[in-house]
Every structure is written in C-alpha cells, then in structure tokens.
Amino acid sequence: MANFTPIKKDQHQNLKVSDKRGLEHIAKQHLIGSNAKEYNQLALNFPLFFIKEGEIYRSVALLGLQAGENLYYQNDRLNALNIPQSLALSPFALGLDTEKENTLTACIDIDSPYVGEDKDIALFDAEGNESDVFKSVQESLGNLYENEVMTEKFIKELVDNDLLQEFELLINLASGEKKRLVGLYGIDEKKLNTLSDEKTLDFHKRGLFIPIHSMMVSMGQVNRLVQLRNEHTDQKVAGIKLQPRTAD
C-alpha cells in the first residue's frame, strides 16, 4: 500500500530515489488512470474506457479481463510502448498538504523500495536547494494536473451531450465458461454521428474529436488482452465480444 507524503525540505533533505525504478505495485491492477491528452499514444497499447464512481466518471486504461489481473505486466516490467503519465512519475504523485490549507503539492511514496537516503538521486543538494531532478518532477506533476483538469472538462462535454454509453465484454473461455465484464463506458458512436452541424464544428474547433476518435480506436486493443491472456495464462479465451450493454 502506497504511503504518499508531501515532500518538505526540513524533513526530506537527505531523501533520494533510485535511478532505475520498477512498477511492481501495479502487477495486480487491471485498471490504470489515464488522461485525454495521452489517448492518442495509449490507444496504441491499451483499450481506453471510463468507469463510474458514484456520479463521477474516471478515465482508465484496461489492463486485464478481471479484477486483480494485469496482462501487460510480465517478467517484472510493463510490456507497452507507452505508459500512462501518472505511472511514469512513480513514486511521485500530486497530493494535498494539510499544513498549507490543503493545497496541491509534490508527494512521494515514502514506503516505496525505490525511495530512501541510500538511493541514487537526491531531491535536495547539500545547501537544501531543490535538485534539477526534483524541479523536473514538479514540472511534470504540474503538467499532469493540467491534463487531468482537461480530462474532467472533456468528460463533462461528453456527459452534457449524452455521448456516453455503457459497454460489456462478453468473454468465452476455452473451458466453456462464459464471463461478462461490465461497468465500462465509452463513446456512443450513433449519437456522435447525429450531432448537429453546429455542435460538430464546435467540437472540431476545440480539438475534442482527437481524444474521442483515439478512444474509439483503442477499443480494438481488447483483442490484445485476449492475446496476452492466451500467451501467459492457463485460462485461455476462445472468443470475446465488446458491445453496448444489454439489459440484465
């Protein structure tokens, strides 16, 4: 379990991170957060969906066909050409500093095996100044925050224009067992194609079709999940179908 804490010079002046860091903490995660800015790259590797938490939609990449399964994580590494921005920044993350009126600040997983005073890359120099590496991390975290805010606005546009629908994955196992994965939301293509000319032009001018089309294209990566499942597990998949969810 990650233990993120705000990075403070007076407490962490001697703290360092390893120059080579792994992603063992996601080995059993079938969903990873993503943002709309990176859809065009992630679509080359992962199926991209939204999941609903209460009334909030969250953007995710699907990495497995069931909870606790990460089919991309093999041989101690994530086998993908591109990885979500948030993962690339591990063990750093944005978090709230309760001592500063809950302002967002750079945090670090203090319990990560890649963090400690005996590691390679210092966060502060001997005079207590921020290292170039730490400055770069803070800049990247700032970019991540901006991308997440943009994603929230993008999702709101989809919701406001009734462009989301729930999908289901129908999975036929080689054993004869049938499974269904629900709770995945994506673009309703039929409603997208019936947008008014005025709304279509508006979406085009604001660049909204870029993440929309990237997300739709990414759904073909569901077949990649089948390939990985059949290559690396005994629970083989004989067939899979992604479709709008039907009534139970």
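Residues numbered from 1 in each chain as written. Predicted model: local features only at pLDDT ≥ 70, side-chain atom pairs only at ≥ 80, totals over all residues. Heavy atoms only, no water.

Peer 1: Help me understand the sheet that holds strand 10 (residues 115-116) in this model?
Peer 2: Pairing between the strands of a sheet is mediated by backbone hydrogen bonds and can be parallel or antiparallel. Spatially, the three strands line up as an open sheet ordered 10-2-11, and their pairing is antiparallel. Here the strands that pair on one side only, and so sit at the sheet edges, are strand 10 and strand 11 (121-122). Sheet topology note: the strand 2 (residues 16-17)/strand 10 ladder contains two bridges and is antiparallel. Considered in strand 10, the bridge of V17 is made with V115. (Pairing = 2+ DSSP bridges. Helix = DSSP H or I, 4+ residues; strand = E, 2+ residues; numbered from the N terminus.)

Peer 1: Mind showing me how you'd approach the nonpolar core here?
Peer 2: Burial of nonpolar side chains together is a common tendency in soluble globular proteins. Core analysis: the biggest nonpolar cluster contains 49 residues, and L48, F50, L78, F154, L158, L169 and I212 have the highest contact counts within it. Once residues lying within four places of it in the same chain are set aside, the contact partners of L169 are L62, L65, K179, R180, L181, L184, V222, I240, K241 and L242. Listed in part, the 14 residues of the second largest apolar core include L89, F92, F124 and L144. (Core = buried A, V, L, I, M, F, W, Y, C linked by side-chain atoms within 4.5 Å. Buried < 20%, exposed > 50% of the residue type's maximum accessible area, 1.4 Å probe, protein only. Contact = heavy atoms within 4.5 Å.)

Peer 1: I keep staring at the pairing of strand 9 (residues 103-109) and nothing clicks. Help me out?
Peer 2: In summary, the side chains of a regular strand alternate between the two faces of the sheet. Counting buried residues along strand 9, five of its seven residues qualify, which places the element largely inside the surrounding structure. Of the pairings in the sheet, the one linking strand 1 (residues 4-6) to strand 9 comprises three bridges and is antiparallel in character. The residue of strand 9 that forms the bridge with P6 is C107. With six bridges connecting them, strand 8 (residues 92-97) and strand 9 associate as antiparallel partners. Note on strand 9: the bridge partner recorded for G95 is T105.

Peer 1: Whenever I open this one, the packing of aromatic side chains confuses me. Can you help?
Peer 2: Think of a pair of aromatic rings as described by two things: how far the centres are apart, and how the planes are tilted against each other in angle. Tallying each qualifying case throughout the model produces five aromatic pairs. Taken together, a centroid distance of 5.3 Å and an interplanar angle of 80° make the contact between Y57 and Y185 edge-to-face. Of this pair, Y57 sits in strand 5 (residues 56-62) while Y185 sits in strand 13 (residues 178-187), and the two are 128 residues apart along the sequence. Under the relative-accessibility criterion, Y185 is labelled buried at 15%. (Phe/Tyr/Trp six-rings, centres within 6.5 Å; stacked < 30°, edge-to-face > 60°.)

Peer 1: Just checking my understanding: could you explain the sheet that holds strand 1 for this structure?
Peer 2: Ordered in space as 1-9-8, the three strands form an open sheet in which the pairing is antiparallel. A strand with exactly one partner marks an edge of an open sheet, and here the two such strands are strand 1 and strand 8. Averaged over all pairs of adjacent strands, the angle between strand axes in this sheet comes to 50°, irrespective of strand direction. Sheet contacts for helix 4 (residues 132-160): strand 8 and strand 9; angle to strand 8, the most-contacted strand, approximately 75°. (Axes fitted to C-alpha atoms, helices over the stretch in contact; angles between N-to-C directions.)

Peer 1: How do you make sense of the pattern of salt bridges when you look at a structure like this?
Peer 2: Opposite charge on two side chains permits pairing when their charged atoms draw close. Counted under the stated rule, the structure contains 10 salt bridges. Two residues, K8 and D97, come together in a salt bridge whose shortest N-O distance is 2.7 Å. You can see K8 sitting in the loop between strand 1 and helix 1 (9-12) and its partner D97 sitting in strand 8, a full 89 residues away along the chain. A single burial state applies to K8 and to D97, both of which are buried. A salt bridge links R206 to E157; the shortest N-O distance between them is 2.7 Å. With a gap of 49 residues between them, R206 in the loop between helix 6 (197-205) and helix 7 (209-218) and E157 in helix 4 connect regions that are remote in the sequence. (Salt bridge = Lys/Arg side-chain N within 4 Å of Asp/Glu carboxyl O.)

Peer 1: Teacher, can you tell me more about a nonpolar patch on the surface here?
Peer 2: The grouping of L96, L104 and Y145 at the surface amounts to a nonpolar patch, some 290 Å² of accessible area in total. Assignment of secondary structure puts L104 in strand 9. (Patch = residues over 30% accessible without salt bridge, like charges linked within 9 Å, V, L, I, M, F, W, Y side chains within 5 Å. Areas by Shrake-Rupley, 256 points an atom, 1.4 Å probe, with all protein chains shown as cover.)

Purely geometric numbers; function is a separate question.
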